[in-house]
Amino acid sequence: MTKPLRKAVLPVAGLGTRFLPATKAMPKEMLPVVDRPLIQYAIDEAREAGIEEFCLITGRGKDSLIDYFDVAFELDVTLRERNKVEALKALEPSSIEAGSLIAVRQQEPLGLGHAIWCARSFIGDDPFAILLPDDVVKSGTSCLKQLADAYYATGGSVVAVEEVPREHTSRYGILKPGHDDGRMVEITGLVEKPKPEEAPSNLSIIGRYILTPEVMPHLAKLEKGAGGEVQLTDAMAKIIGHVPFHGLRYEGHRFDCGNKSGFLEAQIAFALDRPELADDVRAFLKKYN
Ligand code: UTP
């Protein structure tokens, strides 16, 4: 029987060097798109997929991410006294049921695979989702919900994929496709950051995964891969052929908020969705065109 998906791991221990100096004293995942930090988009997406338990993989200087999910008691009382209904409503999504959020320390950013291995006690023997908060996905149905539906249909691991220009394959985890129905593609191989001439396709994994726990013993070997980091892709490659493993061409648009142009594009796209901002944004975009 397919186990229900209830757990999500959110790695936030990276250094965010591409956003220095902004990230010198502030975690990248707290940077806002319009008025919500990146981490909030990931939490909202996960909740829509039925996730109930969250594990943040944090590191030095990342404590504000944990504080963000606290009850801000003084703020709450003041807003209530002043009857600031809208502001109180804006705070609601940042509250998480007591005991449903834990944080695990990754003492050194040794790679995404290492970050996930740090969550081994939380994961136990259950399927789990991974959301990289610097990928923000704008979609009708939450991207993770689309993956969860595919997980329940196949009973195996599923990752969100999209086509990337061939010359960019060396930035991503790339899959070797098997049977492909145009939406779901069977994964027969995985390579982290291949050169364009060596890439088995141009289908890249974005920062959304649902994995079954069979991947954990492979991660536990902590073998270093591309860039000298412990790569999640390498451990995932080891379970191919043992459990069903598919890529899902998700419906929606991903903004790579880990890089500056993707982050700026996300600001525009999400602001245009806000009735109170859309006209102003359109007007100033014309001005700078
Ligand atoms: P990135 O490589 O995109 O993030 O990792 P980074 O290292 O923070 O950013 P740059 O490249 O220096 O600008 C993708 C995600 O994995 C997490 C990051 O926090 C980010 O959410 N991560 C990465 C970890 O938690 N631990 C690691 O060792 C590496």
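Since the structure is predicted, the reported quantities are computational estimates derived from the model, not experimental observations.

Asker: Describe the site of the ligand, and please don't skip the residues or the numbers.
Answerer: The environment of the ligand is made up of 18 residues, and the closest members are Gly14, Thr17, Arg18, Gln106 and Gly111. Within the side chain of aspartate 134, a nitrogen or oxygen atom sits 3.5 Å from an oxygen atom of the ligand. Relative to its free-state accessible area of 580 Å², the ligand is covered by the protein chains to the extent of 83%. Counting atoms within 2 Å of the grid points, the majority share of the ligand lands in the largest pocket. Looking at side-chain class alone, the shell around the ligand contains 9 nonpolar, 5 polar and 4 charged residues.

Asker: Tell me what's going on with the packing of aromatic side chains, and back it up with residues and numbers.
Answerer: Under the criterion given, the structure shown has 5 aromatic pairs. Through pairs of rings, three or more aromatic residues link up here, namely Tyr41, Phe255 and Phe270. Seen from the ring of tyrosine 41, arginine 36 lies directly overhead, with NZ or CZ sitting 5.7 Å from the centre. The ring of tryptophan 117 has arginine 120 sitting right over it, with the charged end atom 3.8 Å from the ring centre.

Asker: Report on the layout of surface pockets, specifying residues and quantitative values.
Answerer: Over the atoms, a rolled probe matching the size of one water molecule traces out where space is still vacant. In this structure, the largest pocket spans a volume of roughly 1300 Å³. Elements with a contribution of two residues or more to the lining of the largest pocket: helix 5 (112-117), strand 11 (203-211), helix 9 (232-239), strand 13 (253-256) and helix 10 (260-272).

What counts, and at which threshold
- Residues numbered from 1 in each chain as written.
- Predicted model: local features only at pLDDT ≥ 70, side-chain atom pairs only at ≥ 80, totals over all residues.
- Heavy atoms only, no water.
- Near = heavy atom within 4 Å.
- Polar contact = N/O pair within 3.5 Å; in protein donor to acceptor, adjacent residues only side chain to side chain.
- Areas by Shrake-Rupley, 256 points an atom, 1.4 Å probe, with all protein chains shown as cover.
- 1 Å grid on protein atoms, 1.4 Å probe; cavity = no way out; pocket = protein on both sides within 12 Å on 5 of 7 lines; lining within 4 Å.
- Sits in = over half its atoms within 2 Å of the grid points.
- Nonpolar A, V, L, I, M, F, W, Y, C, P; charged D, E, K, R; others polar.
- Phe/Tyr/Trp six-rings, centres within 6.5 Å; stacked < 30°, edge-to-face > 60°.
- Lys NZ or Arg CZ within 6 Å of the ring centre and 35° of its normal.
- Points joined across faces, edges and corners; volume = space filled by probe spheres on them.
- Helix = DSSP H or I, 4+ residues; strand = E, 2+ residues; numbered from the N terminus.

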